[in-house]
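Here's the letter readout for the chains.
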Amino acid sequence: AAAAAPAPWGHLSQAVYALWTVAPVGDAPNGCVVTYANAVSISPRLFMVALYTHTLTRENFIAAGGGVMQLLAPAHSPAVHTLGKTSGRDLGDEGQSSSKLDALRELGLETRTWRGHTVLAGGCGTFELRLKELLPVDGGDHDLAICEVAAVDESEPAAAPLCTAALREAGIL
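A quick note: this is a predicted structure, and the numbers were derived from the prediction, not measured. (Residues numbered from 1 in each chain as written. Predicted model: local features only at pLDDT ≥ 70, side-chain atom pairs only at ≥ 80, totals over all residues. Heavy atoms only, no water.)

The next thing to look at is the sheet that holds strand 8 (residues 125–134). One open sheet holds the seven strands; their spatial order is 2-1-5-8-9-4-3, and the pairing between them is antiparallel. Each edge of the open sheet carries a strand with a single partner, namely strand 2 (30–34) and strand 3 (37–41). Sheet twist, expressed as the mean angle between neighbouring strand axes with direction ignored, is 35 degrees. Pairing between strand 3 and strand 4 (residues 46–52): four bridges, direction antiparallel. In the sheet register, Asn38 faces strand 4, and the bridge partner there is Met48. (Pairing = 2+ DSSP bridges. Helix = DSSP H or I, 4+ residues; strand = E, 2+ residues; numbered from the N terminus. Axes fitted to C-alpha atoms, helices over the stretch in contact; angles between N-to-C directions.)

Right under this line is the structure:
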C-alpha cells in the first residue's frame, strides 16, 4: 500500500519554540519543542500554545501558571531531539543527563538566565507567558492554552528563526 499523503499543514513552515517550565516544587527546569503556537491578540497581548498532553512541561506550565517561550534560532536545531523526543521524567536515569539543560550543554549549546529562567543563548525572541485559560475543548493530543504575554526580552536581536521547513530539509523532522 502507498504511504498516506501528509496533511496539508505538514507542508507549512512554522516557527520552532522552546517552552521552558519549572515545577512549583523546585525541580530542574524542563523544556519542550512547541510548533503549534501563535499570537491571537495584539491588545491585550495574548498567545495561544498547544500543550502536548501527558508531558512534564504541560504539568509544570499548568501548575506554575505559565512559563517562558523562546523562539529558537537555526543554530539551535541540535536541541530539537532533546527538547522534543525525550521526557524530563526520564532524565537522571542511568546513562542520562540530569536535566534537559545539562543534555543541551553536553551538545555544546550555551544557556543564559532571563527573569529567573534558564534559556538557550542566542535565541530570536524570549517572552514570559502567564496562563489565562486552558480552553475546554477536545484538542486531541494537545490542550489549548490562551496566555497573557507578561514580559518580552528586548535584549535579543531580531534574526531569522528556526522553522520546521529547515528541520525537514535536515532530516530532523
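Moving on, we come to helix 1 (residues 56–64). Those residues of helix 1 that sit buried are Leu56, Thr57, Asn60 and Phe61. Down the axis of helix 1, the buried side of the element spans an arc of 130 degrees, and every buried residue falls inside it. Where helix 1 is buried, its residues touch strand 1 (17–21), strand 2, strand 4, strand 5 (66–71), strand 8 and strand 9 (142–152). Gly65 sits one or two positions beyond helix 1 and adopts a positive phi of about 80 degrees. (Buried < 20%, exposed > 50% of the residue type's maximum accessible area, 1.4 Å probe, protein only. Arc of directions from axis to C-beta. Contact = heavy atoms within 4.5 Å.)

Only a minority of non-glycine residues have a phi that is not negative, and only a minority of peptide bonds are not trans. A cis geometry characterises the amide bond from Ser43 onward to Pro44, with omega recorded as 0 degrees. In this fold, Pro44 is placed in the loop between strand 3 and strand 4. One non-glycine residue, His54, adopts positive backbone phi at about 65 degrees. By the element assignment, His54 lies in the loop between strand 4 and helix 1. On the basis of relative accessibility, which here comes to 71%, the residue His54 falls in the exposed class. At Arg115, a residue that is not glycine, the phi angle is positive and equals roughly 50 degrees.

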